Amino acid sequence: MQVRGAPAIAIVGCLSLAVEIFPETYESKKTLRQEIEGKLNYLVSARPTAVNMKIAADELISLANELTKDESVNVEEMKQKFLDITEAMLQKDISDNKAIGANGAKAVLESAAKDGPVRVLTHCNTGSLATAGYGTALGVVRKLHELKKLEHVYCTETRPYNQGARLTAYELVHDKLPATLVLDSMVAALLRAKNVAAVVVGADRVAANGDTANKIGTYQIAVVAKHHGVPFFVAAPLTSIDLQIPSGDHIIIEERPDREMTHVGEHRIAAPGINCWNPAFDVTPASLITGIITERGVFKPQQLKEEISALLDL
Ligand SMILES: CSC[C@@H](O)[C@@H](O)C(=O)COP(=O)(O)O
């Protein structure tokens, strides 16, 4: 729980492996390849719900395989290429997030019932602390602010680990955005009372049919948004989209320790002896999602598979 957010976990995982292998001496490219593959597979297991680390690992393992076969490359050059590719991932994530911000701000403004600055709600942490920089859903919020079209952003506390209160709120205060923290249990009341134009959240994994796994609580916000007729957007880079799985039923939901629920810091708040259930993520059905905002455009969940496959030439 030291690095938060699926894109940041993937990038920090790959960069830390690059830092680890760089000063080491390997007797052959084969030994280096085995080291890379073993460590990457271990890193993938750290976040089973998200797909970003898996996509990054697959890319780096096939690179390692190609370089092992390429007789014109020596061990030192192989290490350097590994480092170059991971650094490029870092840069690409930032530029992808900027594009998500621009596409998302446009989509939110187009979907809003009124012209002019809008109020939005976001959940969990999707900003610079959850990505390589700028953010996905928080990138959309940042872009609305840059365009002077953000009247207000509400962020949820995001129990039990409080990423919203701790990380998103920190970024919003840091950037001096007009923002208010609400508890997760206040979302229905908020949508009824505060004229929120749209909900924008991040994603850990988007299935081919648009079903989306994200931080626990996302699903109930989507249900409440539907009830109030508020558009519900998912903002995610293509590295969060998993066309290999047909629906959200195939997404593994990570469960975290009871202690996250029973304690706040060192202080126990739950009655000793009570059982806990602590899934860290939930799956929002595609039918509740207005649009999936990516760096390559905004897609209706039903069109996701076809349009992304065409874009990636699959
Ligand atoms: C752009 S980050 C998308 C998700 O990973 C994010 O919303 C989230 O669930 C973060 O949770 P965390 O458990 O703190 O890593």
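By the naming in an unreviewed UniProt entry, the protein chain goes by Methylthioribose-1-phosphate isomerase and is assigned to Musca domestica. Taken verbatim from the UniProt record of the protein chain, the Pathway (unreviewed entry) comment is "Amino-acid biosynthesis; L-methionine biosynthesis via salvage pathway; L-methionine from S-methyl-5-thio-alpha-D-ribose 1-phosphate: step 1/6."

Participant: I'd love a proper account of the pairing of strand β3 (residues 179-182), names of residues and values included.
Facilitator: The side chains of a regular strand alternate between the sheet's two faces. Direction of pairing for strand β2 (residues 150-156) relative to β3: parallel, over a ladder of four bridges. Each bridged residue has a counterpart across the sheet, and for Cys-155 the counterpart in β3 is Leu-181. Crossover β2 to β3 through helix α6 (residues 163-174) is right-handed.

Participant: For the site of the ligand, give the residues involved together with the corresponding values.
Facilitator: Near the ligand you find 18 residues, and of these Arg-4, Gly-5, Arg-47, Gln-163 and Lys-215 are the closest. Between the ligand and Ala-6 there is a distance of 3.0 Å, counted from an oxygen atom to a backbone nitrogen or oxygen. In the model, an oxygen atom of the ligand is placed 2.9 Å from a nitrogen or oxygen of the Arg-256 side chain. Protein chains shield 100% of the accessible area of the ligand, which is 410 Å² for the free molecule. At a threshold of 2 Å from the grid points, most atoms of the ligand map onto the largest cavity. Listed by contribution, the elements that provide at least two residues to the shell around the ligand are α1 (6-21) and β6 (212-215).

Participant: Pulling in residues and values, what's your account of the environment of Asp-96?
Facilitator: Mapping Asp-96 onto the fold places it in helix α4 (residues 75-111). On the accessibility criterion, Asp-96 (10% relative accessible area) is buried. Separated by 78 residues in sequence, Asp-96 and His-174 have C-alpha atoms that sit 22 Å apart.

Participant: How would you summarise the sheet that holds strand β5 (residues 205-207) if you had to cite specific residues and measurements?
Facilitator: Spatially, four strands are ordered β8-β5-β6-β11 in an open sheet, and the strand pairing comes out mixed. Looking at strand neighbours, the two that pair on one side only are β8 (241-242) and β11 (281-284), the edges of this open sheet.

Participant: Report on the domain arrangement of the protein chain, specifying residues and quantitative values.
Facilitator: Split by domain assignment, the protein chain resolves into domain 1 (6-92) and domain 2 (101-312). Between the C-alpha centres of domain 1 and domain 2 there is a distance of 29 Å. Domain 1 puts 14 residues into the contact, and the matching count from domain 2 is 20 residues. Summing both sides of the interface, domain 1 and domain 2 together bury roughly 1,300 Å²; the carbon and sulfur share of this comes to 53%. Contact with domain 2 buries area across many residues of domain 1, yet Pro-48, Thr-49 and Val-51 alone supply 43% of it, more than any other trio. Here Asp-204 makes a salt bridge to Arg-47, at a shortest N to O gap of 2.6 Å. Here domain 1 is connected to domain 2 by 10 residue pairs in polar contact (both at pLDDT 80 or more). Of all elements in the fold, only α1, α3 (52-69) and α4 reach the threshold of two or more residues within the side of domain 1 that touches domain 2. Looking at the side of domain 1 that touches domain 2 element by element, the count peaks at four residues for α1.

Calculation criteria
- Residues numbered from 1 in each chain as written.
- Predicted model: local features only at pLDDT ≥ 70, side-chain atom pairs only at ≥ 80, totals over all residues.
- Heavy atoms only, no water.
- UniProt positions renumbered as here; feature names shortened; annotations may be inferred.
- Pairing = 2+ DSSP bridges.
- Helix = DSSP H or I, 4+ residues; strand = E, 2+ residues; numbered from the N terminus.
- Right-handed = clockwise from strand over helix to strand, strands pointing away.
- Near = heavy atom within 4 Å.
- Polar contact = N/O pair within 3.5 Å; in protein donor to acceptor, adjacent residues only side chain to side chain.
- Areas by Shrake-Rupley, 256 points an atom, 1.4 Å probe, with all protein chains shown as cover.
- 1 Å grid on protein atoms, 1.4 Å probe; cavity = no way out; pocket = protein on both sides within 12 Å on 5 of 7 lines; lining within 4 Å.
- Sits in = over half its atoms within 2 Å of the grid points.
- Buried < 20%, exposed > 50% of the residue type's maximum accessible area, 1.4 Å probe, protein only.
- Domains from an automatic or database assignment.
- Contact = heavy atoms within 4.5 Å.
- Buried area = accessible area lost by both parts, 1.4 Å probe.
- Salt bridge = Lys/Arg side-chain N within 4 Å of Asp/Glu carboxyl O.

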